[in-house]
Amino acid sequence: MITLWHYLAVAAAMFGIGLVGFLTRRNMITMFLCAEMMFQGVAINFVAFARYHGNLQGQVFVLFIIAVAACEAGVALALFLMLYRRGKSLDASDWQSLREMGVPPTVDTVPLPVEAVTEDDRLAPAGVRPKHIPSEEEAARV
Amino acid sequence: MSDPIDLALVILGLPLLACILAAYLAITKRSAAKYAHVPLILGCATGAVLGIILLLKVAADHDHRFISDPMTWFAAGNLKVSFQIVVDPLSAIMLAMVTFISTWIAIFSSSYMHGDKGYARFFAIMSLFVFSMLGLVLSNNFLLLVAFWEGVGVCSYLLVGYYYEKPSAAAAARKAFLYTRLGDVGFLLGIFLLWKMGGWNMSLTAMFDYMTKIPPDQGELTAACLLLFCGAVGKSAQFPLYVWLPDAMEGPTPVSALIHAATMVTAGVYLLARCAPLFAMSPDAQIVVATVGGITAILAAFIALAQNDLKRVLAYSTVSQLGYMFLALGTGGAISPVFAVTAAMFHLFTHAFFKALLFLSAGSVMHSMGGVIDMRRFGGLRKLMPVTHLTFLCGAAALAGLPLLSGFWSKDLILEALTKAADEGKSYTGGYYILLLVSLVTVFMTAFYTFRAYFLTFWGPERIPEEAGHHAHESPSRMTVPLMVLAVGAVFVGIAVEPFNHKFSHLLEHAPTLLQAQAVSHTDMIPHHFNKWLASIGTALALGGLGLAFVMYRKGTETLPGAIEPVFALSRNKLYVDEVYGAVFVKPGGVLAFLSSAFDGFLDAMTRLISSIPRFVGWWVRPIQNGLVQFYALSMALGLTVLLTFVVFRIAR
Amino acid sequence: MNLFALSPMQESAGQIALAAVLAIVGFAFLLPQPKGRKVAVGIAALIAASAVFVAWIYTTYGQPMPDIIGTVLFCLFSAGALLFGTALVVQSNPGRGAIAFAFVILSTCGLFLLLAAPFLMAATIIIYAGAIIVTFLFVLMLSHAGGPSDENNRSREPLLGALAGFAFTGLVLFSLYLSQGGAQAASAAESPKIAQRLPAQVLTLEERNTLLAAVAKLDAVEEQLAGDTTPIAERGRVDDYFKGVQDQIATVAGSNTVISQYGSIATRLEKVGEKVTPLRGDQQSLRVLRQTAEVRKQNEKAYDAVVNHLFDSKPDRATVKAELRTLRDQTLLLAGVGDLPARNVGNLGYLLYTDHLLAVELAGTLLLVATIGAIAITQRKGAVA
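Reading the values: the criteria
Residues numbered from 1 in each chain as written. Chains lettered and ligands numbered in written order. Predicted model: local features only at pLDDT ≥ 70, side-chain atom pairs only at ≥ 80, totals over all residues. Heavy atoms only, no water. pLDDT = per-residue confidence, 0-100. Helix = DSSP H or I, 4+ residues; strand = E, 2+ residues; numbered from the N terminus. Axes fitted to C-alpha atoms, helices over the stretch in contact; angles between N-to-C directions. Parallel < 35°, antiparallel > 145°, perpendicular 65-115°, else oblique. Contact = heavy atoms within 4.5 Å. Polar contact = N/O pair within 3.5 Å; in protein donor to acceptor, adjacent residues only side chain to side chain. Nonpolar A, V, L, I, M, F, W, Y, C, P; charged D, E, K, R; others polar. 1 Å grid on protein atoms, 1.4 Å probe; cavity = no way out; pocket = protein on both sides within 12 Å on 5 of 7 lines; lining within 4 Å. Points joined across faces, edges and corners; volume = space filled by probe spheres on them. Pairing = 2+ DSSP bridges. Expected span 1.5 Å × (residues − 1). Bend = angle between axes of the 7 residues up to and from the residue. Salt bridge = Lys/Arg side-chain N within 4 Å of Asp/Glu carboxyl O. Buried area = accessible area lost by both parts, 1.4 Å probe. Phe/Tyr/Trp six-rings, centres within 6.5 Å; stacked < 30°, edge-to-face > 60°. Buried < 20%, exposed > 50% of the residue type's maximum accessible area, 1.4 Å probe, protein only. Lys NZ or Arg CZ within 6 Å of the ring centre and 35° of its normal.

1. Let's talk about the confidence of the model for chain B
Part 1 of the reasoning: A residue-level look at chain B finds 99% of positions with pLDDT of 70 or above and a mean pLDDT of 87.
Part 2 of the reasoning: Averaged pLDDT values for the elements of chain B fall to 79 in helix H23 (residues 565-572) of chain B and rise to 92 in helix H4 (residues 119-138) of chain B.

2. Points about the packing of helix H3 (residues 89-112) of chain B against H4 of chain B
All names here are of chain B.
Part 1 of the reasoning: Two elements in contact, H3 and H4, have axes whose closest approach is 9 Å; the angle formed by their N-to-C orientations is 170°. By the angle class used here, H3 and H4 are roughly antiparallel. Contact residues: H3 offers Ser-91, Met-94, Leu-95, Val-98, Thr-99, Ser-102, Ile-105, Ala-106, Ser-109 and Ser-110, while H4 offers Tyr-119, Phe-122, Phe-123, Met-126, Val-130, Met-133, Leu-134, Val-137 and Leu-138.

3. Considerations on the interface of chain B and chain C
As a measure of interface size, the accessible area lost when the parts come together is often cited.
Part 1 of the reasoning: Taken together, the contact between chain B and chain C spans twelve residues of the former and 13 residues of the latter.
Part 2 of the reasoning: Here chain B and chain C share zero residue pairs in polar contact (both at pLDDT 80 or more) between them.
Part 3 of the reasoning: Grouping the amino acids of the side of chain B that touches chain C by side-chain chemistry returns nine nonpolar, three polar and no charged.

4. Side note on the layout of surface pockets
Part 1 of the reasoning: Taken as a whole, the largest pocket encloses approximately 1000 Å³ of empty space.
Part 2 of the reasoning: What lines the largest pocket is a set of 41 residues, and nearest its centre among them are Ser-50, Phe-53, Val-54, Ala-79 and Leu-82 of chain C.
Part 3 of the reasoning: At the level of secondary structure, the elements contributing two or more residues to the lining of the largest pocket comprise helix H1 (4-24) of chain A together with helix H1 (8-30), helix H2 (39-61), helix H3 (68-90) and helix H7 (158-179) of chain C.
Part 4 of the reasoning: Of the residues contributing to the lining of the largest pocket, the split by class is 30 nonpolar, ten polar and one charged.

5. Examining the pairing of strand S3 (residues 79-83) of chain B
Residues and elements named next belong to chain B.
Part 1 of the reasoning: Relative to S3, strand S2 (residues 71-76) runs antiparallel, the two sharing five bridges. Bridge assignment links Ala-75 to a residue of S3, and that residue is Lys-80.
Part 2 of the reasoning: Here S2 folds back onto S3, and the loop between the two strands holds two residues, one of which, Gly-77, carries a positive phi near 60°.

6. Some points on helix H6 (residues 167-197) of chain B
Residues and elements named next belong to chain B.
Part 1 of the reasoning: Look at H6: 45 Å from first C-alpha to last across 31 residues, which is about the 45 Å you get at 1.5 Å a residue.
Part 2 of the reasoning: Most pronounced at Leu-182, the bend in H6 amounts to some 25°.
Part 3 of the reasoning: With its phi angle positive at about 65°, Gly-199 sits one or two positions after the end of H6.

7. What to know about the pattern of salt bridges
Part 1 of the reasoning: Applying the stated criterion across every chain yields a total of 13 salt bridges over all chains.
Part 2 of the reasoning: The network of salt bridges with common partners includes Arg-26, Asp-91 and Asp-108 of chain A together with Arg-154 of chain C.

8. Focus on the confidence of the model for chain C
All names here are of chain C.
Part 1 of the reasoning: Of all residues in chain C, 63% have pLDDT values of 70 or greater, and the mean over the chain is 72.
Part 2 of the reasoning: Scored below 50 in pLDDT, residues 185-200 makes 28 contacts in the model with residues more than four places away or belonging to other chains.
Part 3 of the reasoning: For residues 251-282, every residue scores under 50 in pLDDT, and the model assigns this stretch 37 contacts once sequence neighbours within four places are set aside.
Part 4 of the reasoning: Both scores are given for the predicted complex: the pTM is 0.58, the ipTM 0.82.

9. Focus: the interface of chain C and chain A
Part 1 of the reasoning: On the side of chain A, 74 residues touch chain C, which itself brings 104 residues to the contact.
Part 2 of the reasoning: Interface of chain C and chain A: buried area, both sides summed, is about 8300 Å²; carbon and sulfur atoms make up 74% of it.
Part 3 of the reasoning: Where chain C meets chain A, there are one salt bridge.
Part 4 of the reasoning: Counting the contacts that link chain C with chain A gives 13 residue pairs in polar contact (both at pLDDT 80 or more).
Part 5 of the reasoning: Of all the elements in the fold, those that place two or more residues in the side of chain C that touches chain A are H2, H3, helix H4 (94-114), helix H5 (118-142), helix H6 (150-153), H7, helix H17 (344-352) and helix H18 (357-378) of chain C.

10. Regarding the packing of aromatic side chains
Residue and element names in this part refer to chain B.
Part 1 of the reasoning: Taken as a whole and assessed by the stated rule, the structure comprises 42 aromatic pairs over all chains.
Part 2 of the reasoning: Ring centres 5.0 Å apart and planes at 65° place the aromatic pair Tyr-119 and Phe-123 in the edge-to-face group. In this pair, Tyr-119 and Phe-123 are both assigned in helix H4, four residues apart and thus about one turn of the helix distant. Phe-123 carries the same exposure label as Tyr-119, and that label is buried.
Part 3 of the reasoning: Aromatic pair Phe-239 and Tyr-242: ring centres 6.5 Å apart, planes at 25°, arrangement stacked.
Part 4 of the reasoning: A residue is classified by how much of its surface remains accessible, and Phe-239, at 29% relative accessible area, is partly exposed.
Part 5 of the reasoning: For Tyr-242, a relative accessible area of 2% gives the class buried.
Part 6 of the reasoning: The cationic tip of Arg-181 hangs over the ring face of Phe-177; the distance from NZ or CZ to the ring centre is 4.3 Å.
Part 7 of the reasoning: Geometry around Trp-459 places Arg-382 over its ring, the cationic atom sitting 4.7 Å from the centre.

Take a look at the structure:
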């Protein structure tokens, strides 16, 4: 028999995973999705309690949570768009200008792994590799 | 509208309305600011007409007094302060006089101040000034009176410091404000003492009724009266607080006219007249008042002898004349208070006309001389400015007390009061005798310095300073018409209301406050009469002064015989009063200020030491604020975890 | 499990801590790092963590499972939610992360359905489907064409972040354990109490089962009545049947946890409605209560009919049959109520527009403001980098 506690435990675990994601991932969209997952954990809590108490107050609360989450999604995505326009990146760590005066900016020391560029990457968008690569003059004639 | 109270409220409201309109113009409409004088002139003119109607109504009423229904302003415990106005002969005369004089001053200044950049501001403050004075005159409650009293003080501060970019003007304004404030301390203390003594009443009429029924302790009453007198000394520029008034010349000349004639300095005299029932019960306070008045009168007259600044001569003459008024008021303990107050108020009344006239004439002179007011630099303006010359002559003659002019009658009344006090007074007859002599000497000196100024300005060869430029001609009609009107007043107002028909004294004889004072003073009413001997002596002295001035200054230049040079030097240096004050009060104050500053420095050092601790801590933890959102969230989550751990395991144990 | 002779509480705390540590280790290895990550170790740790977690749940709350389908579905959905949640967090490609999130939402919706919240399920799917699609578009639009990038291949403080998250979770679980049931359950090795700590369904599964059993019995009684030729001989049996049915229905009402708070049903039957009303506001439960009362009344009526018409000299079987038929139908209806609250939407709407009207208005305003805000933010001038 599944009890209230099962639901609560699962909800807590979901919340925790979402929290870890929010704290560690640097892509703002992923952070946002993790926050939504935390919302879902809370929503499960509410619905389980609603079931437990045999009334609908919890469900009503979850409806409001969904409404707020929708608002949040709208504003957050608009903000992401703005930030992306400015920084050409979705990295949350790019925005450090609100730090205290005199504190050096946090920079990443370990370099990113360089992916070896294989020959395939230079292939033409479609079709097989032509036997004869045309010179520029020929290309211009065509 | 026919109700006297409503009428009085309308008179009170008109300048306030004018002030609001002018202030609005000053703030917003740059283009319409040149019409800022219209509200004040209209308001004051209407007020003057209504004031005369009101005066007639009061005279016709058999009670001679109207009190408005009290309207609670605030109340706390025993203290009930209500907005209540009283219209009786005293306040009605003041109302009519203030509005009438203000009207002509306003008309004069609309021309005098023409083109000034603070034109609208000037008229806004002028309106507020008139409003405050009218409120002061009307209020029947001590705290309300104080409020308007301070309003007058603020307005004088603003107007004296009107040219606030000029350091001397700012300093003069500050001086005026601080000196009057010094007196106000005593004034407030006196009010609170009276409040306690007067059965916890703040209303003037209720307080007087209470105290005449239940006579208070004589010592306390004297103390309270003297404290009230402190306020009057500050406001009316009496010895030892008179030094601000001559410096107040830094303001525009119409302001001086307003301060000296209609508003501000007359407030102190009015206050004492209104509180006559209190002073009548305290002869000790009265002799102090009279003595201070006498000292001021002769001191100021002496200083005025050798001043070279035309306006300064007039300013010292005002101080001196106010001293006269206080002399008259001070006789109220020895002879009938009605007579004393009548004498003082009558002098106040006539003085308002001729002093306003003199100041406006001086303003006219100054206007055409391009702002120069030093009598050594111009002279012989008789031909150049005929109207100003004649009107100034009228004013000077009235001030000197030449026979049949208004100053003569009022001064005569004061001398009469002093004679009575010296002759038949109940107490301090010797003191009053000395004061009589003092005032007679002052009459001579007054005539001398007044005509000295007149001869130096208008007689002798024509001399015009280069600053005058093309201004050096008679002033425009908007300035000369008020001069002429006031000149007529200065000549005829005295003879019109007192010496033959006794209208003025009849009116005041019926003032309930003064009747109350009469009742408590146990003195006899003094019948109207004319003391030929006294008048002759006064006339002789005045003519003597005039003659001496004519002999010495008819050439329009100052050439002093060597014998009196030291005397004039003393006078020129104002008896070194400012220097004495500097040595006695300012220097010790400076030492005290230095000590305080050193202590302040020590405290500052301590504060810096203490503040360096959080600064150090801040420097230490500053790297935490690294601007990374996720770092902040992480700190929050970790903190929450720690908190939760604590909570959970505390509960588990 | 009592290996180290610890108290149940310590044992439980140890299990939670172990699961949390394993999860921390797993996430620390799995989160994207520029140096590369040890996938195998991470997954192993996570599997271990979930094993410990499941074991803890089983030992603490686990019971024999009468409702197998429900249990299976619950396990499926919650495992899906956690698995895809983990995938979302550790996936370096945000596009794939978004897909994982979609599955998280689906699993959550399954859980909602199990919790008798079909409207919420629908709403969540609709709204998040929209949100996810938009997000997905954004990801496709904005993410770099290829190659590792700062935002996708780096993590901020993976160890500390995982520590914070899972320490928090562990503490929440432990406080759950402390606050209700768990402590007593573990102290009393076998705990019947836990079975009562069910989510209060409108009708619990047990109640439903007993109702269905009662229906089956009623069917049997009807068959017997139909083929009856010797009333006297059958008399005892029929009586037994009726008594059994009656008892079952009484049990149905009596086992309703909320009603039983107010004492025996038999004495308080009439007052049930008014007693309960202020405590249980939702229309659904009230309706069930009313229905239960009706069933009970019908039960008495049928019993009377049996006693009056069946056991006398000339039995009136038609009346008895009709009464029994009505009783059977009503019982079946009552049993059906608990399955899926069909009136969930209506009840929610009723509640929203009565008790929470202001909140609804505020939420609507908030949505409007957010819309305007989003437009205003993106329209701002001078944003061109």
